[in-house]
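Geometric and topological summary
One-letter residues, chain by chain:
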Amino acid sequence: MLRMIGATGCPAPEVIFSEADLMVMSHLPAGAAPDPAAWAQAGGAVAQLHAARGNMFGWGQDHAFGALPIHNEAMDAWPAFWAERRLLDASSTLPASLAKRLEALARDVTNRLPMHPPPALLHGDLWAGNLLFGPEGFSGLIDPACNYGDPEVDLAMLTLFARPDAAFFGAYGALDQGWEARRPIYQLWPALVHLRLFGDGYRPLVNGLLEACGV
């Protein structure tokens, strides 16, 4: 995944060596507070990443966040992929009241999400901690969980726990009409991941996003 990201022109660590339980990567500068210029560099780089296209919604194999599996079997229609591989994939492990609301949303995503957005190469876990900034600005992306899908998924994840500078979006480019309505649908999945991995402290976040979706 890191090699694929780097091949798009978006900075990422160079993978020097890898095997089942070891990966050696090049060092990227980190730890600096990003200014608007650095955020603009990041926005342009993520746009380069998303300009890479696949021919499916999904990925060639499943992967995981820790012990939590992520199912990526390809589907032809994007709303079906998001409903079945992301939203409903979590419902069997949730309290019944949450699962019922999630299932209601999943039944309606065909009316809420684009049927065939460009299948962009997604980072898949684009929270602020996976964007590195050094003294010279944006250094690169780390720790991906890639799949092909709607590029708004990455942007929704980035804005779930952080507020990127406006320069990020200025450099990324204009978003399609209706982005604000789709964002909580896309933010639900990382919120559900946090709920499943880290417990009920994330339940208010999930509830709030479901309310934002009107379910």
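Presented here is an overview of the structure given in this document. (Residues numbered from 1 in each chain as written. Predicted model: local features only at pLDDT ≥ 70, side-chain atom pairs only at ≥ 80, totals over all residues. Heavy atoms only, no water.)

**Observations regarding the overall build of the protein**
Put simply, the test is: A helix here means a DSSP run of H or I that spans at least four residues, while a strand means a run of E at least two residues long, and both kinds are numbered starting from the N terminus. All radius of gyration figures rest on C-alpha atoms, and the globule criterion is 2.2 Å times the number of residues raised to 0.38. It only takes one pair of heavy atoms within 4.5 Å for two residues to be counted as in contact. The positive count covers Lys and Arg only, the negative count covers Asp and Glu only, and His and the chain ends enter neither. One atom stands in for each charge, and that atom is NZ of Lys, CZ of Arg, CG of Asp or CD of Glu.
Secondary structure summary: the protein contains eight helices and eight strands in total. What you see for the protein is a C-alpha radius of gyration of 17 Å, in line with the 17 Å of a compact globule of 215 residues. Projected onto its principal axes, the C-alpha positions of the protein cover 50 × 40 × 35 Å. For the protein, long-range pairs separated by at least 24 residues make up 68% of all intrachain contacts whose partners lie at least 6 apart in sequence. The centroid of the 13 positive side-chain charges in the protein is displaced by 9 Å from the centroid of its 22 negative side-chain charges.

**Concerning helix H7 (residues 179-198)**
Convention followed: A helix is expected to span 1.5 Å multiplied by its residue count minus one. The seven residues ending at a residue and the seven starting there each receive a fitted axis; the angle between those axes is the bend at that residue.
Helix length check: H7 (20 residues) gives 28 Å between terminal C-alpha atoms against 28 Å at 1.5 Å per residue, within 8%. Where H7 bends most, the angle comes to about 30 degrees, and this point is Leu-188, followed within four residues by the proline Pro-190. Just downstream of H7, Gly-199 is the residue with a positive phi angle, here 100 degrees.

**A look at the nonpolar core**
The condition is simple: Joining through side-chain atoms within 4.5 Å is the link that ties buried Ala, Val, Leu, Ile, Met, Phe, Trp, Tyr and Cys residues into a set, and such a set is a nonpolar core. Buried, partly exposed and exposed residues are distinguished by accessible area as a fraction of the type maximum, computed with a 1.4 Å probe on protein chains only: under 20%, between the cut-offs, and over 50%, respectively.
With 62 residues, the main nonpolar core has Trp-78, Trp-82, Leu-131, Leu-141, Leu-188 and Val-206 as its most contacted residues. For Trp-78, the residues in contact, after removing those within four places along its chain, are Phe-57, Leu-113, Pro-114, Met-115, Pro-117, Tyr-148, Gly-149, Asp-150, Val-153 and Tyr-186.

**Remarks on the packing of aromatic side chains**
Spelled out, the test is: What counts as a ring pair is set by centres within 6.5 Å for rings of Phe, Tyr and Trp (its six-membered ring), and what kind of pair is set by the plane angle: stacked under 30 degrees, edge-to-face over 60, tilted for all other angles.
Tallying each qualifying case throughout the model produces 14 aromatic pairs. Ring pairs connect the aromatic residues Phe-57, Phe-65, Trp-78, Phe-81, Trp-82, Tyr-186 and Trp-189, which therefore count as one cluster.

**Quick word on the pattern of salt bridges**
Side-chain pairs of opposite charge can arise where the charged atoms are in close proximity. How we decide: Basic side-chain nitrogens of Lys or Arg form a salt bridge, by our definition, when they fall within 4 Å of a carboxyl oxygen of Asp or Glu.
For the coordinates displayed, the defined rule picks out four salt bridges. Salt-bridge contacts for Glu-73 lead to Arg-85; the nearest nitrogen and oxygen are separated by 3.7 Å. Here Arg-85 lies in helix H3 (residues 78-91) and Glu-73 lies in the loop between strand S4 (68-70) and H3, a separation of 12 residues in the sequence. In this structure Arg-85 comes out as buried when scored by relative accessible area, which is 16%.

**Some details on the packing of helix H4 (residues 96-108) against helix H8 (residues 203-212)**
The condition is simple: Axis definition: a line fitted to C-alpha atoms, over the contacting stretch in the case of helices. Angles run 0 to 180 degrees between N-to-C directions. Oblique is the label for every angle not falling under 35 degrees (roughly parallel), over 145 degrees (roughly antiparallel), or within 65 to 115 degrees (roughly perpendicular). Here is the rule for handedness: rotate from the far helix to the near one, and if that takes an anticlockwise turn smaller than a right angle the crossing is left-handed, while a clockwise turn gives right-handed. Each residue is assigned to one class: nonpolar for Ala, Val, Leu, Ile, Met, Phe, Trp, Tyr, Cys and Pro, charged for Asp, Glu, Lys and Arg, and polar for all the others, Gly among them.
Following both chains from N to C, one finds H4 and H8 inclined at 30 degrees, their axes separated by 11 Å at the closest point. The pairing of H4 with H8 is recorded here as roughly parallel in orientation. Once H4 is placed against H8, the crossing between them reads as left-handed. Listed contacts from H8 to Ser-97, Leu-98, Arg-101 and Leu-102 of H4 are Arg-203, Val-206, Asn-207, Leu-210 and Glu-211. In terms of residue class, the contact of H4 with H8 is built from four nonpolar, two polar and three charged.

**A few points about the pairing of strand S7 (residues 137-141)**
Quick note on the threshold: Paired strands, in this sense, are two strands between which DSSP finds at least two bridges.
Among the five residues in S7, five count as buried, and that is most of the element. Sheet topology note: the strand S6 (residues 131-134)/S7 ladder contains four bridges and is antiparallel. Paired with Phe-133 across the two strands is Phe-138, which belongs to S7. Connecting S6 to the antiparallel partner S7 that follows it, the hairpin turn spans two residues.

**Re the environment of Ile-16**
With respect to the helices, strands and loops of the structure, Ile-16 is situated in strand S1 (residues 15-19). The exposed category is assigned to Ile-16, whose relative accessible area is 53%. In this structure, the C-alpha to C-alpha distance between Ile-16 and Ser-26, residues 10 residues apart in sequence, is 6.9 Å. The contacts of Ile-16, once residues within four sequence positions are left out, are Val-24, Met-25 and Ser-26.

**Thoughts on the pairing of S1**
The pairing of S1 with strand S2 (residues 22-25) spans four bridges and is classified as antiparallel. Bridging from a neighbouring strand, Val-15 pairs with Met-25 of S2.

**Observations regarding the packing of H7 against H8**
The axes of two packed helices give the description: the angle between them and the distance between them. The contact between H7 and H8 brings their axes to 9 Å, and the two run at 160 degrees. When the interaxial angle is binned, H7 and H8 end up roughly antiparallel. The crossing of H7 and H8 is left-handed. In contact with Pro-184, Gln-187, Leu-188, Ala-191, Leu-192 and Leu-195 of H7, H8 contributes Arg-203, Leu-205, Val-206, Leu-209, Leu-210 and Ala-212. Among the residues forming the contact of H7 with H8, the class breakdown is 10 nonpolar, one polar and one charged.

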